[in-house]
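# Secondary and tertiary structure notes
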Amino acid sequence: MVKIAPSFLSADFRTLEEEVRRVEDAGVDYIHLDVMDGHFVPNISFGPLVVEAIRKVTELTLDVHLMISDPGAFVQAFADSGADIFTVHVEVEAEMDALLDRIREADMKAGATVKPDTPVSELFPLLPKLDLALVMSVEPGFGGQSFMPESLPKVRDLRAEIERQGVDTEIEIDGGIGAGNAADVVAAGVDVVVAGSAAFRDGKVRENVAALRQATEAGLALREQVVET
Ligand code: DX5
Ligand code: ZN
């Protein structure tokens with residue numbers, strides 16, 4: 001089954017615990033948490049304190065996406081806050097191999113991601129150390145942007161490379177995903193769909209997630225058809 005990960009950037013922070021209950025009741029798989037530092041991206045969101053508050057009220061996997069210039073400096077802080085997956089951007093130019101080792105040593109799953117202008121092949125040499133490979137389908141920084149279709153061939157290339165290397169890295173996509181395009185991204189090879197505005201729209205989390213679920217299942221059926229023929 002394809003996983004659904006609502007991005008809490010679109011949640012109502014006045015009532016965070018209720019939002020957690022809503023996504024749990026809707027049957028999501030991960031909670032996607034977007035950390036921004038106002039430097040790597042032109043927006044500031046939240047840090048370990050908020051991750052820790054969410055950790056206290058749920059057992060769901062906390063999938064933390066670090067849009068910060070120096071993620072290496074915060075590995076332990078997020079591990080201590082209860083993050084399960086720690087995903088870093090390859091554009092930060094850190095020594096990625098060593099950084100991924102440190103993430104795993106801190107008992108988190110390791111993820112890496114590319115912005116829309118970065119070739120997905122930059123993730124390929126990292127795959128043996130990656131639990132999650134994230135393809136950004138918008139410029140990181142803000143929720144509610146339009147999906148960039150250029151991300152689809154990146155997903156296909158990544159899927160082919162994962163199969164070639166025989167690793168079991170999950171492919172996640174993030175940005176502009178909704179019930180209208182979730183089937184296409186899943187058919188291309190995505191395992192985890194992030195949705196912010198589409199998940200929380202009009203406060204109808206249950207209905208929105210059900211529509212996303214239906215679309216991901218349709219996408220999976222399409223993918224299996226292609227594999228069979
Ligand atoms: C963008 C974030 C996304 C964003 C997704 O920088 O990484 O997770 O919240 O929001 P939507 O689904 O509204 O594009
Ligand atoms: Zn994100």
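The text that follows walks through the structure, step by step, so that each part is easy to find. Remember, it's a predicted structure, so these values are computed and weren't measured experimentally.

### A few points about the sheet that holds strand β6 (residues 132-136)
In spatial order, the strands read β1-β8-β7-β6-β5-β4-β3-β2; together these eight strands make up an open sheet with parallel pairing. The sheet is open, and its two edges are formed by β1 (3-6) and β2 (30-36), each paired on a single side. Recorded for the sheet is a direction-independent mean angle of 25° between the axes of neighbouring strands. In terms of strand pairing, β6 meets strand β7 (residues 170-174) through five bridges, oriented parallel. By the bridge assignment for β7, Leu134 is matched with Glu172. Contacting β4 (85-89) and β5 (109-114), helix α4 (residues 96-105) crosses the sheet at an angle of about 145° to β5.

### Section: the coordination of the zinc ion (ligand 2)
Protein-derived ligands of the zinc ion (ligand 2) are His32 (NE2), Asp34 (OD), His65 (ND1) and Asp174 (OD), with the metal-ligand distances lying across 2.0 to 2.3 Å. Within one chain, the residues donating to the zinc ion (ligand 2) are spaced in sequence as H-x1-D-x30-H-x108-D. Separated by 31 residues along the polypeptide, Asp34 in strand β2 and His65 in strand β3 (residues 61-67) bring together distant segments of the chain. Assessed through its relative accessible area of 4%, Asp34 is described here as buried.

What counts, and where the lines are drawn
- Starting from 1, residues in each chain are numbered consecutively following that chain's sequence as written.
- Here every chain gets a letter starting at A, and every ligand a number starting at 1, in the order they are written.
- Where totals are concerned, whole chains, interfaces and linings use all residues; where local detail is concerned, this predicted model gives features only for residues with pLDDT of at least 70, and gives and counts side-chain atom pairs only at 80 or more.
- Note that the side-chain values use all heavy atoms of the structure and ignore hydrogens as well as water.
- We call two strands paired when DSSP finds no fewer than two bridges between them.
- Each helix corresponds to a stretch of at least 4 residues labelled H or I by DSSP, and each strand to a stretch of at least 2 residues labelled E; elements are numbered beginning at the N terminus.
- Every angle, taken between N-to-C directions, lies between 0 and 180 degrees, and every axis is a line fitted to C-alpha atoms, over only the stretch in contact when it is a helix.
- Contact between two residues is taken to exist if any of their heavy atoms lie within 4.5 Å; hydrogens are not considered.
- We call an atom a donor if it is N, O or S and sits within 2.8 Å of the metal, or 3.2 Å for Na, K and Ca. Water is not counted, so some sites may look partial.
- The rule is simple: take the accessible area with a 1.4 Å probe, protein chains only, and divide by the maximum for that residue type; under 20% is buried, over 50% is exposed, in between is partly exposed.

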